[in-house]
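Read off the chains here:
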Amino acid sequence: MKNIVVLVSGSGTNLQRIIDTIEAGEIRNAKVSLVVADRECFGLERAKNHNIKNILIPRGKNFSSELAKVIPQDTDLIVLAGFLSILKPEFCENWNGKIINIHPALLPKFGGKGMWGMNVHNAVIEAKEVESGATVHFVTPGIDEGEAILQKSFEVTADDTPETLAQKVHQIEYEIFPLAIDKVLGNK
């Protein structure tokens, strides 16, 4: 059984999707063994509702070192699911190839510092992009610079707003995140 640690900052909808797809057998031979949040959020409640060990480590300059202390040695994958804190380069290097993130755009476009949530969708609309989507990628010391594992796109229409893009992207995230996790865990 592969052990997954999920890092959250918000409502935990992607965490819930991961839990549901594990239970449904779409992510095979795995369990969420720990959920860590960087702030009070509903993601912690979702973990509690499924009897998953959960920890709150408040954001701050020592976050990565505090996180390193609670990650079990037998962790096979760390998944950033709506996680907004930036991890220190040393942490990313120590877990190289074992940390993934989902980003609400088609990287390498619209990635990097400040590019999260509605900031991304506003930028896509302002740039008059003809497509958007989501990317699951490996986490490296450079923000949103890791190799893409899986991407899926959709056409941006003239009627789209940042809010409609957010809804469409979220649906794609639900679709590709479990597939990418299963792939990275070696369940081809």
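The structure presented is a predicted model; accordingly, all values stated were derived computationally and were not measured. Counting from 1, residues in each chain are numbered in the order their sequence is written. Confidence filtering applies because this is a predicted model: local features only for residues at pLDDT of at least 70, side-chain atom pairs given and counted only at 80 or more, and all residues used for totals across whole chains, interfaces and linings. Hydrogens and waters are ignored; side-chain quantities use all the structure's heavy atoms.

1. As for the side chain of Ser64
Then comes step 1: As for its placement among the helices and strands, Ser64 is situated in helix H3 (residues 63-70).
Then comes step 2: Relative accessible area decides the class of each residue, using a 1.4 Å probe on protein chains only: under 20% of the type maximum gives buried, over 50% gives exposed, and in between gives partly exposed. Since its relative accessible area comes to 6%, Ser64 is described here as buried.
Then comes step 3: Polar side-chain contacts of Ser64 include one of 2.9 Å to the backbone nitrogen of Lys88.
Then comes step 4: Apart from the residues within four sequence positions on either side, Ser64 is in contact with Ile86, Leu87, Lys88 and Phe91. Counting from the N terminus, the helices are the DSSP runs of H or I reaching at least four residues and the strands are the DSSP runs of E reaching at least two. Each polar contact in these results corresponds to two N or O atoms within 3.5 Å; when the atoms are within protein, one needs to be able to donate a hydrogen and the other to accept it, and residues that are neighboring in sequence are counted only if both atoms are side-chain atoms. We call two residues contacting when some pair of their heavy atoms lies within 4.5 Å.

2. A few points about the sheet that holds strand E7 (residues 148-155)
Then comes step 1: We treat two strands as partners when DSSP finds at least two bridges between them. Pairing within the open sheet is mixed, and its 7 strands lie in the order E3-E2-E1-E4-E5-E6-E7. A single partner strand is all that each edge strand has here, and the edge strands are strand E3 (54-56) and E7. Direction aside, neighbouring strands of the sheet carry axes that sit 20 degrees apart on average.
Then comes step 2: As paired elements, strand E5 (residues 99-103) and strand E6 (residues 131-138) share 4 bridges and run antiparallel to each other. Its bridge partner lying in E6, Asn101 is registered against His137. Only the stretch in contact is used when fitting a helix axis, every axis being a line fitted to C-alpha atoms; angles between N-to-C directions are given from 0 to 180 degrees.

3. A closer look at the layout of surface pockets
Then comes step 1: Roughly 1,000 Å³ of volume is contained in the largest pocket.
Then comes step 2: As for the largest pocket, its lining consists of 46 residues, and the residues nearest its centre are Gly82, Phe83, Leu84, Trp116 and Gly117.
Then comes step 3: Of all the elements in the fold, those that place two or more residues in the lining of the largest pocket are helix H1 (13-23), H3, E5, helix H5 (118-126) and helix H6 (162-184).
Then comes step 4: By residue number, the principal contributor to the lining of the largest pocket is H6, which donates 4 residues. Detection works on a 1 Å grid of protein atoms alone, calling trapped sets that fit a 1.4 Å probe cavities and calling open sets with protein on both sides within 12 Å along at least five of seven lines pockets, with lining residues defined by an atom within 4 Å of a point. Grid points are joined across faces, edges and corners, and a volume is the space filled by probe spheres set on the points.

4. Looking at the pattern of salt bridges
Working definition: two side chains of opposite charge can pair if their charged atoms are close together.
Then comes step 1: Salt bridge, as used here, is a side-chain nitrogen of Lys or Arg placed within 4 Å of a carboxyl oxygen of Asp or Glu. The tally for this structure, following the rule as stated, stands at 8 salt bridges.
Then comes step 2: For Asp182, the salt bridge is made with Arg28, and the minimal N-O distance between the two is 2.4 Å. You can see Asp182 sitting in helix H6 and its partner Arg28 sitting in the loop between H1 and strand E2 (30-37), a full 154 residues away along the chain.
Then comes step 3: Between Glu45 and Lys48 there is a salt bridge, with its nearest N and O atoms 3.5 Å apart. Of this pair, Glu45 and Lys48 both sit in helix H2 (residues 42-49), separated by 3 residues, roughly a single helical turn.
Then comes step 4: Overall, Lys48 belongs to the partly exposed group, its relative accessible area being 43%.

5. Structural notes on unusual backbone geometry
Then comes step 1: Note that the residue after Leu107, namely Pro108, is joined by a cis bond; omega there is 15 degrees.
Then comes step 2: By secondary structure assignment, the location of Pro108 is in the loop between E5 and H5.
Then comes step 3: You will see that Lys128, though not glycine, has its phi angle at about 55 degrees, which is positive.
Then comes step 4: Positionally, Lys128 belongs in the loop between H5 and E6.
Then comes step 5: Classification of Lys128 by relative accessible area gives exposed; the value is 71%.
Then comes step 6: In this structure, Asp144 is a non-glycine residue whose phi angle is positive, near 60 degrees.

6. So, the packing of H5 against H6
Then comes step 1: Relative orientation of the contacting elements H5 and H6 amounts to 115 degrees, with a least axis distance of 9 Å. Along this stretch, H5 crosses H6, giving a crossing that reads as right-handed. Along the contact surface, H5 presents Met118, His121, Asn122, Val124 and Ile125, while H6 presents Pro162, Glu163, Leu165, Ala166 and Val169.
Then comes step 2: In this classification, Asp, Glu, Lys and Arg are treated as charged, Ala, Val, Leu, Ile, Met, Phe, Trp, Tyr, Cys and Pro as nonpolar, and every other residue, Gly included, as polar. Per-class residue counts for the contact of H5 with H6 are 7 nonpolar, 2 polar and 1 charged. Take the far helix as your reference; a near helix turned counterclockwise from it by less than a right angle gives a left-handed crossing, and one turned clockwise gives a right-handed crossing.

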